[in-house]
Amino acid sequence: MVPFGSALMVSALLFVMGLVGVLIRRSALVILMGIELMLNAANLAFVAAARHVGSMDGQLFAFFVMTVAAAEAAVGLAIVIALFRRRRTTDVDQVSFLKW
Amino acid sequence: MSGSSALVLEGLLKVAVVLAAVMTVVGNIVLVERKVAGWIQDRVGPNRAGPWGLLQPLADGLKFIFKEEIVPASAHKTFYILAPALSLTAALTTFAVIPFGERFVIFGRAIEPIIADLDIGLLWIFAVASLGVYGIVLAGWSSASKYSLLGGLRSSAQMISYELSMTLSVVGVLMASGSLRLADIVSAQAGSVWNAVSQPIGFLVFLTSAFAETNRLPFDLPEAEPELVAGYHTEYSSMKFLMFYMAEYGNVILSSCLMVLLFAGGWHLPFVEGWLQAAPAGVAGLAHFAIFCLKLTFFLFLYIWVRWTLPRFRYDQLMNLGWKVMLPLALANVVWTAALILAGWV
Amino acid sequence: MSGRELLFWADAIVAVMTAGVVILHRNPVVCALSLVLHLCSVALFFLLLDATFLFAVQIILYAGAIMVLFLFVIMLLDPAGEGVAGRAGKPQMALTLAAAAALLAVMARALPGLEKGGGAAALPEGFGRIDGMGRLLFTEYLFPFEVASVLLLVAMIGALFMGRKEAD
């Protein structure tokens, strides 16, 4: 039996790590990966809670989060490709203006 | 011997037997492939090593072992070495949930001819198989060669595309049997008709996608030798190349097993089943296994037959076929199966 | 400590270490591969928490599809890793770490409160299995399920639109 509290703590730690990744990295691709880390941490908390409560609703939430993550990855990567076509970079600091 | 240690021993034995069997088939199917190719092209094929060339697999293996190991200077070493291991591991791990026949009794002990009877068996196969892509992608990237990279890129796009239609084509089978356990799927077909008969479209889509997933002709663009030298394994030699080779044939055997189990009734044959029920238990078990092997041989032969008959697709044709033909057809199969179930025919 | 708990902590170490590599390593390909390992470790968490269906979906969908897409894009855009974008400057780094530490502290303070209310509830039959998930999905969660399918359609069209070749 996995203790609920420790599962939540691991999930919190992973979430914060994902957040740090999003904030300190400049490559758009790695920023997207940081977002995936955060979504997964949230999923872990959902599934742990579902196990703790004994109801499958938490698992379904995790399922929907995965769906959203798939959509997010597809659109996000398409944006990165479009960006690279125009600017030859994936560095978000170099595309900080609104118009060119 | 206590019960649990006997169970562990039984599990280990099963793993050993299945691995040995798969490896033997892999070794010999290469010979069969060359023989059949020779026959189709009206020539003899390998006939030098041993009588009728039967020792050819042994000679090939020895040759691979004694070849020089080359690691390109600019390669990313860790991933370069990891890639073939990953490919082969993924190919072999999937066999854990494949049942090879009905439960049989030996030395007073009932044995299920399957390593791990998971109730998400089919999902396990798809999960592990989807990890196998990394071996190819990594090989393509870590070799630091443009041919390898192009091969890796092509195969990742191709495998993602065809995985969709492959998974969707199986949905019809799952609807008809109501279980993800492969043994249940087989027994569901024993009660009615084979899925290949009731869902011809699904079978066709699965067959096509399986060819694409295993990178075999007519979909072998990741390693198309006229344009890409050898694709993702251009820079590999000796044992590492052999591992890719074994992984490819392991996948071929796996998808043939899946076709037998999912669509062709597994170890059952129509008409003789009643006769087999009356036979003694040992004979029936053996007969079931023989039927399974027979069907497996047919599908393996189909793989070889197709390879030496059809020309290669162009890359855009491949993608068009995957997304614009196979995916809608797989969806149509789901609707078709739903209609069959509603009409009470399955 | 039970075997399951031991496995959980071993897996937690793997998860944290791979996550660390994802956010720190300079080479995006290494980041992506480390993320694949991380996703597999999360899948193992799911298995340990009796979510067998999510375990399979996590590997098929995340590790097998989304991450291959990531790797594909990385290899397509910048195979040699020449235009590798590094990390942010010092001030941003310091601010980030401070904010992260604060967030972690808040969560560490708040989370133990959730554990109250005795041990885990008894699991219903077929917990986390595919049939139970499917039944819930097509009854109670039918509307969110349909919305998710529309979302996927929109995302697909959006991705096609963003990724298409420019007319000029």
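Residues numbered from 1 in each chain as written. Chains lettered and ligands numbered in written order. Predicted model: local features only at pLDDT ≥ 70, side-chain atom pairs only at ≥ 80, totals over all residues.

**Structural notes on the overall build of chain C**
- A count of helices and strands for chain C gives six helices and zero strands.
- Shown N-terminal to C-terminal, the secondary structure of chain C runs as helices and strands in the order α-α-α-α-α-α.
- When burial is assessed residue by residue, chain C has 35% of its 168 residues classed as buried. (Helix = DSSP H or I, 4+ residues; strand = E, 2+ residues; numbered from the N terminus. Buried ≥ 20, exposed ≤ 12 C-beta atoms within 10 Å, placed from the backbone.)

**Brief notes about the overall build of chain B**
- A tally of helices and strands in chain B yields 13 helices and two strands.
- Compactness check: chain B gives a C-alpha radius of gyration of 21 Å against a globular reference of 20 Å for 346 residues, within 12% of the reference.
- C-alpha atoms of chain B, sized along the principal axes, occupy 60 × 50 × 45 Å.
- Every one of the 346 residues in chain B was classed for burial, and the buried ones make up 45%.
- Across chain B, every contact between residues at least 6 apart in sequence was considered, and the portion connecting residues at least 24 apart equals 78%. (Rg over C-alpha atoms; globule rule 2.2 N^0.38 Å. Contact = placed C-beta atoms within 7 Å.)

**Focus on the interface of chain B and chain C**
- Counting residues at the interface gives 18 residues for chain B and 18 residues for chain C.
- If you list the elements that add at least two residues to the side of chain B that touches chain C, you get α4 (121-142) and α5 (146-177) of chain B.
- It is α4 of chain B that contributes the most residues to the side of chain B that touches chain C, 10 residues altogether.
- In the side of chain B that touches chain C, the residues fall into 15 nonpolar, three polar and no charged. (Nonpolar A, V, L, I, M, F, W, Y, C, P; charged D, E, K, R; others polar.)

**Structural notes on the packing of helix α2 (residues 28-48) of chain C against helix α3 (residues 52-77) of chain C**
Residue and element names in this part refer to chain C.
- Running from N to C, α2 and α3 cross one another at 175 degrees; their axes reach a closest spacing of 8 Å. Relative to α3, α2 is oriented roughly antiparallel. The segment α2 lies against α3, with Pro28, Val29, Ala32, Leu35, Val36, Leu39, Cys40, Val42, Ala43, Phe46 and Leu47 engaging Thr52, Leu54, Phe55, Gln58, Ile59, Tyr62, Ala63, Met67, Phe70, Leu71 and Ile74.
- For the contact of α2 with α3, the per-class residue count stands at 20 nonpolar, two polar and no charged. (Axes fitted to C-alpha atoms, helices over the stretch in contact; angles between N-to-C directions. Parallel < 35°, antiparallel > 145°, perpendicular 65-115°, else oblique.)

**Considerations on the nonpolar core**
- Formed by 176 residues in total, the largest nonpolar core has its most connected members in Ala32 and Met67 of chain C.
- The element that contributes the greatest number of residues to this core is α3 of chain C, accounting for 20 residues.
- Setting aside residues no more than four positions away along its own chain, Ala32 of chain C makes contact with Met33 of chain A together with Met67, Phe70, Leu71 and Ile74 of chain C. (Core = buried A, V, L, I, M, F, W, Y, C linked by C-beta atoms within 7 Å.)

**Some points on helix α13 (residues 315-343) of chain B**
Residues and elements named next belong to chain B.
- Taking 1.5 Å per residue as the helical rise, α13 with its 29 residues ought to reach 42 Å, and the 41 Å between its terminal C-alpha atoms agrees with that figure.
- Along α13, the residues classified as buried are Leu318, Gly322, Met326, Ala330, Asn333 and Thr337.
- The elements touched by buried residues of α13 are α5 and α8 (200-213).
- Gly344, located one to two residues past α13, shows a positive phi value of around 80 degrees. (Expected span 1.5 Å × (residues − 1).)

**Re the interface of chain C and chain A**
- Of the residues lining the interface, 74 residues belong to chain C; the matching set on chain A comes to 59 residues.
- Residues that form the side of chain C that touches chain A fall into these classes: 59 nonpolar, 10 polar and five charged.

**Thoughts on the packing of α5 of chain B against α8 of chain B**
Residue and element names in this part refer to chain B.
- Direction vectors running N to C along α5 and α8 enclose 150 degrees, while the axes themselves pass 8 Å from each other. In terms of axis orientation, α5 runs roughly antiparallel to α8. In this structure, α5 meets α8 at a crossing whose hand is left-handed. Packed against α5, whose contacting residues are Gln158, Met159, Tyr162, Glu163, Ser165, Met166, Ser169, Val170, Gly172 and Val173, the element α8 presents Gly202, Val205, Phe206, Ser209, Ala210, Ala212 and Glu213 at the interface.
- Grouping the constituent residues of the contact of α5 with α8 by class yields nine nonpolar, six polar and two charged. (Left-handed = near helix turned anticlockwise from the far one by under 90°.)

**Notes on unusual backbone geometry**
- The phi dihedral of Asp42 of chain B falls on the positive side, at around 60 degrees, and the residue is not glycine.
- Positionally, Asp42 of chain B belongs in the loop between α1 (3-40) and α2 (56-66).
- With phi around 65 degrees, Asp50 of chain C is a residue other than glycine that occupies positive phi space.
- For Asp50 of chain C, the location among the structural elements is in the loop between α2 and α3.
- Take Asp50 of chain C: there are 21 C-beta atoms within 10 Å of it, and that puts it in the buried class.

**Observations concerning helix α3 (residues 57-87) of chain A**
- Across its 31 residues, α3 of chain A extends 44 Å between first and last C-alpha, which sits within 8% of the 45 Å expected from 1.5 Å per residue.
- Where α3 of chain A ends, the next residue or the one after it, Arg88 of chain A, has phi of about 60 degrees, a positive value.

**Here's the deal with the confidence of the model for chain B**
- With 94% of its residues at a pLDDT of 70 or more, chain B shows a mean pLDDT of 82.
- The element-level mean pLDDT for chain B is lowest in helix α9 (residues 225-228) of chain B, coming to 65, with α8 of chain B highest at 89. (pLDDT = per-residue confidence, 0-100.)

**Notes on the environment of Tyr147 of chain B**
- Secondary-structure assignment places Tyr147 of chain B in helix α5.
- Each C-alpha atom, one on Tyr147 of chain B and one on Glu235 of chain B, is 9.0 Å from the other, the two residues being 88 residues apart in sequence.

**Concerning the confidence of the model for chain C**
Residue and element names in this part refer to chain C.
- Confidence in the prediction of chain C, expressed as mean pLDDT, is 82, and 84% of residues score 70 or more.
- Within chain C, helix α4 (residues 90-110) has the poorest average pLDDT of any element, 83, and helix α6 (residues 142-163) the best, 90.
- Taken over the whole predicted complex, pTM reads 0.85, whereas the ipTM for its chain interfaces reads 0.89.

**Some details on the environment of Ala32 of chain C**
- In this fold, Ala32 of chain C is placed in helix α2.
- Residue class for Ala32 of chain C comes out buried when judged on the 27 C-beta atoms lying within 10 Å of it.

**Topic: the environment of Phe299 of chain B**
All names here are of chain B.
- Here Phe299 is to be found in helix α12 (residues 281-307).
- Residue class for Phe299 comes out buried when judged on the 20 C-beta atoms lying within 10 Å of it.
- Between the C-alpha atoms of Phe299 and Cys257, which are 42 residues apart in sequence, the distance is 8.3 Å.

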